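Residue-level structure breakdown
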Amino acid sequence: MTTSLQTEDATRPVTEPEDRNEPFLVVDDLTVKFPTFDGIVNAVSGLSYSVGLGETLGIVGESGSGKSVSSMAVMGLHDTKNARITGSIRLGGTEVVGLEESKMRRLRGNEAAMIFQDALTALHPFYPVGVQIGESYSAHHNRASGDTVRKKAIEMLERVGIPQPDRRVDDYPHQFSGGMRQRAMIAMSLSNDPKLLIADEPTTALDVTVQAQILDLLQELQRDFGSAVIIITHDLGVVAEMADDVLVMYGGRAVEYGTCKKILSDPLMPYTWGLLESVPELDSDPTQRLLPIPGTPPSLLSPPSGCAFHPRCRFRDHVPGDLCERELPELLAPPGHPDHLKRCHIKDPQAVLRTDVEPVGEIR
Amino acid sequence: MSATRAVTGSTAVTSDDVQESGRAETNGAGTPEALLEVKDLVKHFPVKSSGLFRRTIGQVQAVDGVTFTVNRGASLGLVGESGCGKSTTGRLITKLHEPTSGQMLFEGADLAPLSGRQMLPYRREVQIIFQDPYSSLNPRHTVGTIVGTPLRVHNMVPKNQMIPRVQELLEFVGLNPEHYNRYPNEFSGGQRQRIGIARALALQPKLMVADEPVSALDVSIQAQVINLMQDLQKEFGIAFLFIAHDLAVVRHFCPEIAVMYLGKIVEIGPRETIYKQPHHPYTQALLSAVPDIAQAKLGGRHERIMLQGDVPSPVNPPSGCRFRTRCWKAQDICAKEEPPLFQIAPGHQAACHFAAPLGEERTTPIGHERVGA
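Attention now goes to the overall build of chain B. A tally of helices and strands in chain B yields 14 helices and 12 strands. Within chain B, buried positions represent 46% of all 373 residues.

Here is the structure:
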């Protein structure tokens, strides 16, 4: 991991000019709350991470873990009337939290772009694909003529590997297959060469062979454009293929953060263990029972006290007393692992991993 | 196609007491342990033209000649990509769709020609678990009503026994029996899927069709539901037709696996062979496309067979082998002759003229060895 999580100086002015050494995206102590009739939903609490240009961060978590909400905050997509956002998000040195909508519009799609999960609902059924791709281009190129915009749309479609782009540019989304729609979405988001690309479950709705195509395309485009990429997914296999760094989220908080290789081969947090154990792999022993994580994901309206994972954790007896119920563990690097942060009270997670989680945690 | 149906229909049992006579046939035909034998099953959906007369202008060949056997208490996995016909096959077996032609022998009796009423006794034996636990439960019914309905329809338990029986079922699937009065919206996705399983379990079926039972669930919940289904299978001896697109989940659940592509089974065999020694190029490509954690742990990436383009339309499938348009092994014969399922090893069949394990090449098509030499 090239960047570790340092606690930013709170006195630092938000409008500070771009720091040359700062990664392209720095999220610091981000909290997103939604007031509802039932109470306040703590969708994201105290989340910090950073992504540099040319790097890929994988955010893993279940539904309701806050992974999508946090990235929508980066894009400034939350309605300020409904969402309370605090903390800091710096995109290329510009503070996004509290930024005026008119300025945000200049960043959105230009500096940072997003690919959504369901391409069919994200594309407008009424307009041809080319028009929609062109729109995202002309939004940031006011003077571009209609002809230029159309040419750009064709160029982008070609770039993402749509055959006969000059003909398909006039097709409507329903005339595209699932994989082609996702490609069109990628074309749309890349039309302004964004420096940050957020892919929110980009392949969840796709078949494995199409998924492989799209993941390859994303990697290729990242090599060409040198952009920062955040890939949000619940599929650990996708993360394993794509990401340099991995952030595991649970109940709106980061619970583990480190390099992809470390997290997958040497995880330090029971929730990550659970995720790895509960998924069958292509080379695991099929006669061995899966070890599910008991219970259900926590309610964000009234999150559990202390560690949000404690009601489902099998390893609470490794922690003395009722520390897990009482106290929220901090996201800290255990001794000897400076770049690997975990939020857990267990003193020596590696010993527990070796004795209790084997053989699933073992590297084959 | 309707003619075929009529013919098979007339030879089939027509008396009201289908169950009895159906069972009687078992002794003559059918292998002893085979529970369901599907033979050459076909389902074509008509494509209608727009306009006043809505003429039929084509056929979506969703399932086109599928043959397999599910043994008593065993599990067969059906894998394939969307549109390959795996869900349609599941719905045909439960008669949620009428098959165009073919046979479905359940304990020796053909279900294909049976009318809705004649099917009634078999509905008890064959149940289905749906993919989406949100849309497959009626939001206006309590869990008790949902799970109790099959019992009521089939007069399985007297009215005063209904609630205790429903509670017992809820307990089987790991739900709180006190919750029979609640509505589906009060449950999480995983719990709803358990309700769906309880409903399917209510009639103590011999065969359960599980159509993508875990793909709508969170990763940590998937394992819970898979374990539950395995427990139920062990306890009640239920056979499963397990339909899924997640290759690792299917491998975990099913000792025998059939791979489908564009309405046809392209490879079928025991899981060790299918996953370790796949012979059909499509199976090989499918397996290589799965993102792999184990590989990344070691810091390496596995070699991937990248299939070009999309699956062709099932309205107008390619001639000969349906996979040839995306196959790197395709030769002239593939466009001319449709490959049948060739026997590779006992119990392992692959529908490819050039079927060979990955890394090995076959120069002459199977069955043409002498012509080639």
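This part covers the overall build of chain A. If you tally the helices and strands in chain A, you get 13 helices and 12 strands. Relative to the 2.2 N^0.38 estimate, which gives 21 Å for 364 residues, the radius of gyration of chain A is 21 Å and therefore close to what a compact globule would have. Dimensions of chain A, computed from C-alpha atoms along their principal axes, come out at roughly 70 × 55 × 45 Å. The burial tally for chain A puts 49% of its 364 residues in the buried class. Contacts in chain A between residues at least 24 apart in sequence constitute 65% of all its contacts with a sequence separation of at least 6.

Tallying the contact residues gives 40 residues for chain A and 36 residues for chain B. Looking at the side of chain A that touches chain B, the elements with two or more residues in it are helix H8 (208-225), helix H9 (236-242), helix H10 (260-265) and helix H11 (270-278) of chain A. The element best represented in the side of chain A that touches chain B is H8 of chain A, accounting for 6 residues. When the residues that make up the side of chain A that touches chain B are grouped by side-chain class, the tally is 18 nonpolar, 12 polar and 10 charged.

The next thing to look at is helix H1 (residues 67-74) of chain A. Because an α-helix completes one turn every 3.6 residues, residues spaced three or four positions apart along the sequence face the same direction. All names here are of chain A. Burial analysis of H1 places 7 of its 8 residues in the buried class, which makes it a mostly covered element. Every buried residue of H1 is listed here: Lys 67, Ser 68, Val 69, Ser 70, Ser 71, Ala 73 and Val 74. Gly 76, located one to two residues past H1, shows a positive phi value of around 65 degrees.

This part covers the environment of Tyr 134 of chain B. By the element assignment, Tyr 134 of chain B lies in the loop between strand S6 (126-129) and helix H5 (143-153). Taking C-alpha positions, Tyr 134 of chain B is 7.1 Å from Gly 189 of chain B, a pair spaced 55 residues apart along the chain.

Looking along a regular strand, one sees the side chains alternate between the two faces of the sheet. Residue and element names in this part refer to chain B. Counting buried positions along strand S9 (residues 256-261) yields 6 of 6 residues, so the element is predominantly enclosed. Burial along S9 is two-sided: the face carrying Glu 256, Ala 258 and Met 260 and the face carrying Ile 257, Val 259 and Tyr 261 are both buried. Across 4 bridges, the pairing between strand S3 (residues 75-79) and S9 is parallel. Along S9, the bridge assignment pairs Gly 77 with Ile 257. Two elements, S9 and strand S10 (residues 264-270), share 6 bridges in a ladder whose sense is antiparallel. Paired with Ile 257 across the strands is Gly 269, a residue of S10.

Residues and elements named next belong to chain B. The 8 strands are arranged S6-S7-S8-S3-S9-S10-S12-S11 in an open sheet whose pairing can be described as mixed. Looking at strand neighbours, the two that pair on one side only are S6 and strand S11 (342-345), the edges of this open sheet. The sheet shows a mean angle of 20 degrees between the axes of neighbouring strands, direction not considered. Two elements, strand S7 (residues 207-211) and strand S8 (residues 239-244), share 5 bridges in a ladder whose sense is parallel. Looking at S8, one finds that Leu 207 is bridged to Ala 239. The strands that helix H3 (residues 86-93) touches are S3, S6, S7, S8 and S9; relative to S8, the one it contacts most, it runs at about 150 degrees.

Moving on, we get to the domain arrangement of chain B. Residues and elements named next belong to chain B. We note that the domain assignment places domain 1 (2-12 + 24-49 + 56-254) and domain 2 (261-372) within chain B. For domain 1 and domain 2, the distance between their C-alpha centres works out to 29 Å. Tallying the contact residues gives 20 residues for domain 1 and 15 residues for domain 2. Those elements that provide at least two residues to the side of domain 1 that touches domain 2 are strand S2 (56-71) and helix H9 (247-253). At 10 residues, the largest contribution of residues to the side of domain 1 that touches domain 2 is made by S2. Of the residues belonging to the side of domain 1 that touches domain 2, the class tally is 10 nonpolar, 7 polar and 3 charged.

This brings us to the sheet that holds S2 of chain B. All names here are of chain B. The strand order across the open sheet built from 4 strands is S2-S1-S4-S5, with neighbouring strands paired in antiparallel fashion. Each edge of the open sheet carries a strand with a single partner, namely S2 and strand S5 (109-110). As paired strands, strand S1 (residues 34-48) and S2 are joined by 12 bridges and run antiparallel to one another. Its bridge partner being in S2, Phe 45 is matched across the sheet by Val 60.

A positive phi angle, close to 50 degrees, is found at Gln 164 of chain A, a residue other than glycine. Its place among the elements puts Gln 164 of chain A in the loop between helix H5 (146-159) and helix H6 (165-168). The phi torsion at Leu 262 of chain B lies on the positive side, around 50 degrees, for a residue other than glycine. Looking at the secondary structure, you find Leu 262 of chain B in the loop between S9 and S10.

Another point: the confidence of the model for chain B. Residue and element names in this part refer to chain B. Model confidence for chain B is summarised by a mean pLDDT of 85, while 88% of its residues fall at 70 or above. Across residues 1-32 the pLDDT falls below 50, and counting only partners more than four positions away or on other chains, this stretch makes 32 contacts in the model. Interface scoring of the predicted complex returns ipTM 0.80; its pTM is 0.83.

Turning to the nonpolar core, a few remarks are in order. Membership of the largest hydrophobic core comes to 198 residues, with the highest contact counts inside it found for Ala 184 and Val 248 of chain A together with Leu 241, Phe 242 and Val 259 of chain B. Of the residues forming this core, the biggest block, 7 residues, is contributed by helix H7 (residues 178-190) of chain A. Two domains each donate at least three residues to this core, and these are domain 1 (2-12 + 24-49 + 56-254) and domain 2 (261-372) of chain B. Each residue touching Leu 241 of chain B, except ones within four places of it in the same chain, is listed here: Val 70, Leu 76, Leu 78, Gly 90, Ile 93, Leu 207 and Val 209 of chain B.

Attention now moves to the environment of Lys 86 of chain B. Residue and element names in this part refer to chain B. Its place among the elements puts Lys 86 in helix H3. With 156 residues separating them along the chain, Lys 86 and Phe 242 place their C-alpha atoms 9.7 Å apart. Residues within four places of Lys 86 in sequence aside, it is in contact with Leu 78, Gly 80, Ile 243 and Met 260.

Turning our eyes to something else, we now look at the packing of H11 of chain A against helix H8 (residues 219-236) of chain B. Remark: H11 of chain A packs on H8 of chain B, axes separated minimally by 9 Å, with the N-to-C direction vectors making an angle of 50 degrees. Classed by the angle they form, the pair H11 of chain A and H8 of chain B counts as oblique. The two elements H11 of chain A and H8 of chain B cross, and the hand of that crossing is left-handed. Contacts between H11 of chain A and H8 of chain B involve Gly 274, Leu 275 and Ser 278 of chain A from the former and Val 219, Ser 220, Gln 222 and Ala 223 of chain B from the latter.

For H5 of chain B, every residue scored as buried is listed here: Val 143, Ile 146, Val 147, Gly 148 and Leu 151 of chain B. Packing partners of the buried residues in H5 of chain B comprise helix H6 (162-172) and helix H7 (189-201) of chain B.

Criteria and cut-off values
Residues numbered from 1 in each chain as written. Chains lettered and ligands numbered in written order. Predicted model: local features only at pLDDT ≥ 70, side-chain atom pairs only at ≥ 80, totals over all residues. Helix = DSSP H or I, 4+ residues; strand = E, 2+ residues; numbered from the N terminus. Buried ≥ 20, exposed ≤ 12 C-beta atoms within 10 Å, placed from the backbone. Rg over C-alpha atoms; globule rule 2.2 N^0.38 Å. Contact = placed C-beta atoms within 7 Å. Nonpolar A, V, L, I, M, F, W, Y, C, P; charged D, E, K, R; others polar. Pairing = 2+ DSSP bridges. Axes fitted to C-alpha atoms, helices over the stretch in contact; angles between N-to-C directions. Domains from an automatic or database assignment. pLDDT = per-residue confidence, 0-100. Core = buried A, V, L, I, M, F, W, Y, C linked by C-beta atoms within 7 Å. Parallel < 35°, antiparallel > 145°, perpendicular 65-115°, else oblique. Left-handed = near helix turned anticlockwise from the far one by under 90°.

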